[in-house]
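# Coordinate analysis (summary)
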Amino acid sequence: MSLTRRTLGLAGLSGLGLASCAPRPVAGGQTIFNAVDVHPADYPTVTAVKWMGEELGRLTDGRLGIRQFPAGQLGNEDDSIGLTRFQAVDICRVAVAALNNAFPETRLLALPYVYRSVGHVRAVVDGAIGTELLNVFEGRGLVGLAYYDAAPRSFYNVRHPVTEPGQMRGLKMRAPQSDIFLDSIRAMGANPTPLTFGAVFSSLQTHLIDGAENNWPSYQSSRQFEVARYWSQTEHSFSPDALLMSKASLERLSAADQDLVRDVARRSVPIMRALWDEREATARATVIAAGTQVAEVDKEAFAATVRPVLDRYLAEPRLRALHERIAAVA
């Protein structure tokens, strides 16, 4: 993961107070952390981080707080990671797919058809495996604070209903910029097209792509359902989101404050999940009422198409061992 010219430009946005190193002391002895997210202000991940800021303020009499930049104000998810690594901002929420290439261990969270249900992936990230997978970031300037829900993910397109893999053939499907997603979509028979999340709506409108894959809330909040009305309930990925913090920002705090930030982040997870479950149900109902056609699919057939992809990644001994442990989680 390199520091791109775009990231350097974003890091120099002095008008937003982001040119100095993080965290940002302000008048009255406060320290305000800057947090970024590509999702809108009312999205569950953004709301959970807002709760974190309020809780930190409550517990420190206003000494610590969080200022948010939602809706992609400071760029896409790759930009967010770079800005956080290089201390232009303090906290970012990104999809695990954006981390897979730089942090190989996170691939176990994104591989297709590894998890049985939302309950299964929650049990994994809440346990010892999740702790291990939060610790992989510190060698590259980041600290893993928590994993947030972002699943299950399914396909949708502008062309026709898809109920089995053969109907994916020839479709140009947006993929996150992750080798796993590119390989998986290709194995299912479609033509993967890597694009940032913010580029998907216009690309569907102009038929640069025929479809994409994501969860119900993102499909609804981005208004992609207005142009891609055929939803296929593949549930091929239960990939979560990661809440990350600049390691330098955290280490500038006292040991007690570091522990407090980590604790508040952990306690934000059930807050986020309650919001997520509600938002997922509302988003699904909203898009169906607007005309989205939902198709049940042959999940076993889809899983069979990506089995070679899974086997190729699991040839790495550490990933295979983690996969066996994940499969054993109740």
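For the structure, check the block above.
Residues numbered from 1 in each chain as written. Predicted model: local features only at pLDDT ≥ 70, side-chain atom pairs only at ≥ 80, totals over all residues. Heavy atoms only, no water.

## Some thoughts on the pairing of strand β6 (residues 153-157)
Cut-off, in case you're wondering: Whether a residue is buried, partly exposed or exposed follows from its accessible area with a 1.4 Å probe, protein chains only, as a fraction of its type maximum: under 20%, in between, or over 50%, in that order. Runs of H or I in DSSP of at least four residues are treated as helices and runs of E of at least two as strands, each being numbered from the N terminus. Between any two strands, at least two bridges found by DSSP are needed for them to pair.
Burial analysis of β6 places 5 of its 5 residues in the buried class, the great majority of the element. By the alternation rule, side chains of β6 split into R153, F155 and N157 and S154 and Y156, which are all buried. Inspection of the sheet shows β6 paired to strand β10 (residues 230-237) by 4 bridges, in the antiparallel sense. Opposite Y156, over in β10, you have W231 as the bridge partner. Here β6 pairs with strand β9 (residues 211-214) via 4 bridges, running antiparallel. Across the sheet, the residue bridging to F155 is E213, located in β9.

## Remarks on the packing of aromatic side chains
Operational definition: Only rings of Phe, Tyr and Trp enter the pairing, Trp through its six-membered ring, and a pair is recorded when the two centres are within 6.5 Å. The plane angle decides the type: under 30 degrees is stacked, over 60 is edge-to-face, the rest tilted.
Going through the model one piece at a time under the given rule, you end up with 8 aromatic pairs. Residues Y156 and W231 carry aromatic rings whose centres are separated by 5.6 Å and whose planes lie at 5° to one another, so their mutual orientation is stacked. Highlighted residues: Y156 in strand β6 and W231 in strand β10, separated in sequence by 75 residues. For Y156, a relative accessible area of 1% translates into the label buried. Residue classification places W231 among the buried residues on the basis of a relative accessible area of 1%.

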